[in-house]
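Chains, contacts and geometry: an overview
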Amino acid sequence: MSQATLSSGRLRHELAPWARIAGLAVCALLTLGPVVWTVSTSLRTPAEAFDLPPSLIPANPSTEAYRGVFDQIDVWLLALNSTLVTGLIAAGQMVTAGLAGYAFARLEFRFKKPLFGLVLATMMVPLQVTVVPVFLVLKSMSLTDTLLGLIVPAFPTAFGTFLMRQYFLGMPKDLGEAAMLDGAGPWRTFRSVYAPLAAPGLAIVGVLAFNYHWNEFFRPLILETSGQNYTLPLGLVSLQGNLGTGSISVVLAGVVLSMIPAVAVFVVGQRPLREGITSAGVNR
């Protein structure tokens, strides 16, 4: 092998890490760029919000836009509704996904495979297709325009069931067999043996459910009519009137406020997410 070929291979080897870093930096810039611009514009005055070319750092940072958000909408009520709805949905999905995933992974019953295929098939059905039947069922139960009507229909989760089934399949069967030899039934085996080991996987389901339903807009728009039952994304729509007056800073300040809880949950749940993904890979 010639010296030139060796030098070329060595150069590519040395540049490979820098190429990966550069690629990740570009991806991070494309992802965080709009978020940084949103936060920056929310701190501008209305007159400064439309400066061309825009500056990354506001010349005169101001929190006036955030005060405008609190003056125009009841942020605390909207945040309370969103926290209640998303928190209960996340907890409910952790329970239903854990139980269904364990049943499909470890229990034997008739039509198990067709039923699991039917569960996966629901992932391909758009929400817009099922919202009318769901609305009619909730109306017959007098649950429309209530927070409970938003919470209960969201408990079943096809993706969470699939995720937890794969998670349970990666666990050793010997643990459950040993528990059954000691006299434990299916429920005791799940509760005492498998559920504690599946905590990272359940954390993944909970974090993803919270972040998805915190930003959910379509279902609350259809099911809720009273302002007292609005969630935060739905309540922020009333700020769009500021666009006509040029106060885009107020709109983006509301967007920033709505992002804070979701970001906080993701930061707190980042470690369980990593542990869940890593342990699932190790189990396989």
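Below is a summary of the structure that appears in this document. (Residues numbered from 1 in each chain as written. Predicted model: local features only at pLDDT ≥ 70, side-chain atom pairs only at ≥ 80, totals over all residues. Heavy atoms only, no water.)

Looking now at the layout of surface pockets. Over the atoms a probe the size of a water molecule is rolled, and this reveals where empty space is left. Of the voids in this model, the largest pocket is the one considered here, and its volume is about 1000 Å³. Along the walls of the largest pocket sit 29 residues, with Thr122, Pro153, Pro156, Thr157 and Ala158 positioned nearest its centre. Breaking the lining of the largest pocket down by element, the ones donating at least two residues are helix H3 (75-106), helix H5 (127-140), helix H7 (158-169), helix H10 (199-214) and helix H11 (218-223). Residues that form the lining of the largest pocket fall into these classes: 19 nonpolar, 8 polar and 2 charged. Here the second largest pocket defines a volume of roughly 310 Å³. Considering the residues around the second largest pocket, the lining is formed by Thr31, Leu32, Val35, Asn215, Val256, Met259, Ile260, Ala262 and Val263. For the lining of the second largest pocket, the secondary-structure elements that each account for two or more residues are helix H1 (3-42) and helix H13 (248-268). The residue makeup of the lining of the second largest pocket, split by class, is 7 nonpolar, 2 polar and no charged. (1 Å grid on protein atoms, 1.4 Å probe; cavity = no way out; pocket = protein on both sides within 12 Å on 5 of 7 lines; lining within 4 Å. Points joined across faces, edges and corners; volume = space filled by probe spheres on them. Helix = DSSP H or I, 4+ residues; strand = E, 2+ residues; numbered from the N terminus. Nonpolar A, V, L, I, M, F, W, Y, C, P; charged D, E, K, R; others polar.)

Every buried residue belonging to helix H2 (residues 64-72) is among Ala65, Tyr66, Gly68 and Val69, and all of these are buried. Taken around the axis of H2, the buried residues stretch over an arc of 155 degrees, which confines them to a single face. (Buried < 20%, exposed > 50% of the residue type's maximum accessible area, 1.4 Å probe, protein only. Arc of directions from axis to C-beta.)

It is worth spelling out empty space enclosed by the protein at this point. Inspection of every chain in the model, using the stated rule, returns 1 cavity of 30 Å³ or more. A volume near 50 Å³ is recorded for the largest cavity. What lines the largest cavity is simply Ser82, Val85, Thr86, Leu150, His213, Trp214, Glu216, Arg219, Pro220 and Thr231. Taken together, the elements giving at least two residues each to the lining of the largest cavity come down to H3, H10 and H11. At 3 residues, H3 tops the list of elements feeding residues into the lining of the largest cavity. Across the lining of the largest cavity, the residue classes break down as 4 nonpolar, 4 polar and 2 charged.

What follows concerns the nonpolar core. By size, the foremost hydrophobic cluster in this structure holds 19 residues, and its most contacted members are Val69, Ile73 and Leu239. Those elements that place two or more of their residues in this core are H2, H3, H10 and H13. Of all hydrophobic cores here, the second largest spans 16 residues; its members include Met171, Ala184, Phe190 and Ala195. (Core = buried A, V, L, I, M, F, W, Y, C linked by side-chain atoms within 4.5 Å.)

For any pair of aromatic rings, the description consists of the separation of the ring centres together with the inter-plane angle of the planes. One pass over the full model with this rule turns up 10 aromatic pairs. Their ring planes at 45 degrees and their centres at 5.6 Å tell us that Tyr102 and Tyr194 sit as a pair that is tilted. On the criterion of sequence distance, the pair formed by Tyr102 in helix H3 and Tyr194 in helix H9 (residues 186-197) is long-range, its members being 92 residues apart. For Tyr194, a relative accessible area of 2% puts it in the buried group. Seen from their ring centres, Phe104 and Phe116 are 5.2 Å apart, and the 55 degrees between their planes marks the pair as tilted. (Phe/Tyr/Trp six-rings, centres within 6.5 Å; stacked < 30°, edge-to-face > 60°.)

The next point concerns unusual backbone geometry. Phi at Ser142 is positive, roughly 60 degrees, even though this residue is not glycine. Of note, Asp145 is a non-glycine position whose phi angle comes to about 60 degrees, a positive value. In this fold, Asp145 is placed in the loop between H5 and helix H6 (147-151).

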